[in-house]
Amino acid sequence: MKSDLPELQIESIEELYEQSPDADNRRLGRGTRRVIRTVVVIGSVLIVWELLARFNLVSQVFFPPPSAIWDALLDILRTGFYGSTLLENLLASVGRVAVGFLAAVAIGIPLGLAMARNDTIYDIVDPVLEFIRPVPPLAYIPLLVVWFGIGELPKVILIAVGTLPMVVFSAVAGVRSTPTQRVSVARCFGASEWQVFWHVYLQSSLPEIFTGLRVGVGIAWSSLVAAELIAAQAGLGWMIEISGRELQVTYIFIGIVLIGALGYLMDLIVRIVEHFAVPWRAHSGL
Amino acid sequence: MIAIEAVSKTFRGSRRKAATHALGPVTFNLPDGEVLSLVGPSGCGKSTLLHLVAGLDRPTQGRITLDGREVTAPGKERVIAFQQPVLYPWLDVSDNVAFGLKIGGRLDKAERKQRVDRALAITGLGGFEKHRPYELSGGMQQRVAMARALVVEPRILLLDEPFGALDALTRSQMQAFLLEVLMRVRTTAMLVTHDIDEAILLSDQVLVMTARPGRIAATITIPFTRPRAWDLLLTEEALHLRKMILEIMRPDLADSAGTH
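A quick note: this is a predicted structure, and the numbers were derived from the prediction, not measured.

Regarding its fold elements, chain B presents eight helices and ten strands. Scaling as 2.2 N^0.38, a compact globule of 260 residues should have a C-alpha radius of gyration of about 18 Å, and chain B matches this with 19 Å. Taking as baseline every contact in chain B between residues at least 6 positions apart, the subset at least 24 positions apart corresponds to 69%.

See below:
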């Protein structure tokens, strides 16, 4: 039979991609395109905001344009805020969140693991935590001030108490979601209760625990502003509180943006720790 | 020798569901060095029986003894491998294989490594020591699970549909692999399977079970000598055994045979 089909000649795979209309997109890569998309959307919002404020379509007092916020930030960096530098305020807040959060982790994880494996402990602690969980941190402030005064201790305790239930429940959930066959395998080899706990339950619960820690970081940061309402002399929450009283909206925005950015950074740190502690996370279905 | 003496199992019901009589009573012996397969319809209690022998559960009635001593709890002389490999994703291949030895804890490090290396060699996993389980294919993962079970040198190896989750090609490779491993380590084994060919190829005895509550419908001795190869399944004799087992499992097939 004669072959009158047109011959298709491709020198290389690259050449094939060159010819395709998507060639440019392919070369940019999915990741880059997604970053560009995010930057374009956020940038557009900022530009629209800037223009609305510049042309006085919205009040500059209530919606200071991004450029004014930026100027105010440079101003604070140069001259400080009510006698303290921005860095001091920032470190005060980060220190409180870090100590409160780490305290919640240090108490919460062992407590949660113990609750999951011991019904008596669970029955005693669970109602207390379920009671604490829905109460907003603000409600504890007068009590903490009466008990512990107005120093750093009540602020750290407030953050720790707010974060604790999430950490505990994630540890409980982690142990409870351990596949039974993982336990059966260990028991088959004659593992003691303690060995099963150490080699199987603890490891298996790490993905859930890290999810809890990430939510916990968020809760810790939300408790921060509440904590810094307790007669504070420094901190981002305190900055926001003072600026609000003085109608300094630019400084309120600076505080909010910094709290958001630092929260994001802390979440990133937890994710990095998780990446090294639980590299198998994406494959936990084994 | 493993002796199953009038063992039955009933799972207790609750307010909403009735109790389930899953198994028995069944009685049989498994002599040392023999491979025994349990085949039967789904839900006939064959996996339940294997779990009872493993000690993961207790019989409602009757007793199970290993060398005259009653089985009451799991122990590493009776190691089970499941349909899923159930590897620990936080350990690499060699640590997974060493897991049972570590739990026992009687061996020093050098001896442990020696035995792990041997088990890896037998199961064809040499060179994969540092891989994580999720970097391996399903068949390779099941080999790791086998190595982990074999390395503690159990008196009896319990296999709960070990190849049921694998594709047909991998399954036949794994059957050949298991045949070879059993030749080398000469361990006693009890195998639960849906696959009649697998039962014939691997076992010395096949127990055909009835639907729930599972009882023994027939005990069939497989006469082939070892070493065996997969092509024994193509012989007249194997075909005859296969037909026999099928007819016991599915009496409706026997009635309709030849009418079409």
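Attention shifts here to the nonpolar core. One finds Val53, Val97, Ala147, Leu158 and Met190 of chain B to be the most contacted residues of the largest nonpolar core, which totals 81 residues. Examining the composition of this core, we find that seven residues originate from one element, helix α4 (residues 138-150) of chain B, more than from any other. Counting residues in each nonpolar core, the second largest holds 45 residues, with Ala92, Ala116, Val172 and Ala234 of chain A among its members.

All names here are of chain B. On the basis of which strands lie adjacent, the open sheet formed by six strands has the order β6-β7-β8-β3-β9-β10 and mixed pairing. Two strands lie at the open edges of the sheet, namely β6 (78-81) and β10 (216-221), each paired on one side alone. Between one strand axis and the next, the sheet turns through 15° on average, direction left out of account. Where strand β9 (residues 205-209) meets β10, five bridges bridge the pair, whose relative direction is antiparallel.

Residues and elements named next belong to chain B. Structurally, chain B comprises domain 1 (1-12 + 19-71 + 157-260) and domain 2 (78-153). Taken over C-alpha atoms, the centre of domain 1 sits 25 Å from the centre of domain 2. On the side of domain 2, 15 residues touch domain 1, which itself brings 21 residues to the contact. Of all the secondary structure elements, the ones that give two or more residues to the side of domain 1 that touches domain 2 are α1 (46-54), β7 (156-160) and α5 (168-185). Considering each element in turn, the side of domain 1 that touches domain 2 owes the most residues, six residues, to α5.

Here we take up α4 of chain B. Residues and elements named next belong to chain B. If you check α4, its first and last C-alpha atoms are 18 Å apart, about what 13 residues at 1.5 Å a residue would give, namely 18 Å. Summarising burial for α4: eleven of the 13 residues are buried, a large majority. Within α4 the residues assigned to the buried category are Met140, Gln141, Gln142, Arg143, Val144, Ala145, Met146, Ala147, Arg148, Ala149 and Leu150. Where α4 is buried, its residues meet β6, α2 (93-104), α3 (109-122), β7 and α5.

Let us look at the pairing of strand β1 (residues 2-11) of chain B. Two faces, one strand: in a regular strand the side chains alternate between the faces of the sheet. All names here are of chain B. Pairing of β1 with strand β2 (residues 20-30), which is carried by seven bridges, proceeds in the antiparallel orientation. From the neighbouring strand, Ala3 faces β2, where its bridge partner is Asn29. As defined by bridge partners, β1 adjoins strand β4 (residues 61-66) across five bridges and the pair is classed as antiparallel. If you follow Ile4 over to β4, its bridge partner there is Ile64.

About the thresholds
Residue positions are given per chain, counting from 1 as you read along its sequence in written order. Chain A is the first chain written and ligand 1 is the first ligand written, with later ones labelled in order. For a predicted model such as this one, the threshold for reporting local features is a pLDDT of at least 70, and the threshold for listing and counting side-chain atom pairs is 80 or more; totals across whole chains, interfaces and linings nevertheless cover every residue. Only DSSP runs of H or I with at least four residues qualify as helices, and only runs of E with at least two residues qualify as strands; both kinds are numbered from the N terminus onward. We compute the radius of gyration over the C-alpha atoms and compare it with the globule rule, which gives 2.2 Å times the number of residues raised to the power 0.38. Think of it this way: build a C-beta for each residue from its backbone, and any pair within 7 Å is a contact. The nonpolar core criterion groups buried Ala, Val, Leu, Ile, Met, Phe, Trp, Tyr and Cys residues into a set whenever they are joined through C-beta atoms within 7 Å. Burial is judged by counting other C-beta atoms within 10 Å of a residue's own C-beta: 20 or more means buried, 12 or fewer means exposed, and anything between counts as partly exposed, with every C-beta placed from the backbone. We treat two strands as partners when DSSP finds at least two bridges between them. Axis lines are fitted to C-alpha atoms, over the contacting stretch for helices. Their N-to-C directions set the angle, which ranges from 0 to 180 degrees. Domain delimitation in this document rests on an assignment produced automatically or drawn from a domain database. Between the first and last residue of a helix there are one fewer steps than residues, each counted as 1.5 Å, and that sum is the expected span.

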